[in-house]
Amino acid sequence: MPLYARAWLPFHDFRQSDEIQVYTGELETPGKASLTIHANYTPSGRADAEFPAGVVPKHSVNGAFEWAYGVGQWFEAGTYLPVFTLTRDHRLQIDGVKLRALFAVPHAETRRFFYGLNFELSYNSLRWEETRTSGEIRPIIGTRSRRWELIVNPILDTSFNGLKRLDFAPCARLAYNPIPTFAVAVEHYADFGQLDHADPGEKQEHDLFAVADFSRKHFDLETGVGFGLTKASDKLVLKTIFAHTF
């Protein structure tokens, strides 16, 4: 299943995350449905909200319930319902909903070279983003050789305020699969700022995650620990992704 997929907030450097995942191009089987639960905890990060009444990253849990359905060999439809936050003072808040359309070459998980394209449209709580609507275009490009695979998602985020203000937030994954049901990986998530005006280095976001993936008959589990490499990144983030196909 499918930057750090995250809320996009214009004109700032730090972002909370509802989904921390590099999309692999793998599609749900046509006619099958799945649920993926994303949960990300920030033990060490910003202690102040980026904007009034916004989410404070430190000691908060951000995540989403992602529902997907295999429509065809090339197409998977999905929704994030809801995107949520468990705040550091233990309040549960609903942050919004997203619609997703993923197009990819069939059976990407078995191909030497694979590709796809994901589109997302978000309706946001103003505690999560400063704009009610936002979107994402996520190309998927990958290659594998024996037990190794490399996948890149050169993501463009938007709050629908002009092409020049598209935000470039790529991510990449290098994974080693010693057996078919287990993988270890290094993932890099970045945000360089707007296409027409990249942020200076100290304001760019760069996060490096060590990840382990477990695949079982009835579920898939991914866990990871991420380290911020710049001042514009939270110092430590833990992520968990649990997926089940019905």
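The sections below set out a description of the structure shown in this document. (Residues numbered from 1 in each chain as written. Predicted model: local features only at pLDDT ≥ 70, side-chain atom pairs only at ≥ 80, totals over all residues. Heavy atoms only, no water.)

**Some thoughts on the overall build of the chain**
Next, step 1: Summing up its helical and strand segments, the chain has 0 helices and 16 strands in all.
Next, step 2: Against the compact-globule benchmark of 18 Å for 246 residues, the chain has a radius of gyration of 17 Å, which places it among compact chains.
Next, step 3: Each principal axis of the C-alpha distribution contributes one length, and for the chain these read about 45 × 35 × 35 Å.
Next, step 4: Just so you have it, the chain exposes about 11500 Å², and 65% of that area is on carbon and sulfur atoms.
Next, step 5: Between the averaged position of the 26 positive side-chain charges in the chain and that of its 30 negative side-chain charges there is a distance of 3 Å. (Helix = DSSP H or I, 4+ residues; strand = E, 2+ residues; numbered from the N terminus. Rg over C-alpha atoms; globule rule 2.2 N^0.38 Å. Areas by Shrake-Rupley, 256 points an atom, 1.4 Å probe, with all protein chains shown as cover. Lys, Arg positive; Asp, Glu negative; His and termini not counted. Charge placed at Lys NZ, Arg CZ, Asp CG, Glu CD.)

**Brief notes about the side chain of Glu-76**
Next, step 1: If you trace the backbone, Glu-76 turns up in strand β3 (residues 75–86).
Next, step 2: Only 2.6 Å separates the side chain of Glu-76 from the backbone nitrogen of Glu-28, close enough to count as a polar contact. (Polar contact = N/O pair within 3.5 Å; in protein donor to acceptor, adjacent residues only side chain to side chain.)

**Here's the deal with the pairing of strand β16 (residues 236–245)**
Next, step 1: Judged from the 9 bridges that link them, strand β1 (residues 33–44) and β16 form a sheet pairing that is antiparallel. The residue bridging Ser-44 from the neighbouring strand is Leu-236, located in β16.
Next, step 2: Across 8 bridges, the pairing between strand β15 (residues 220–228) and β16 is antiparallel. For Phe-227, the partnering residue across the bridge sits in β16 and is Leu-236. (Pairing = 2+ DSSP bridges.)

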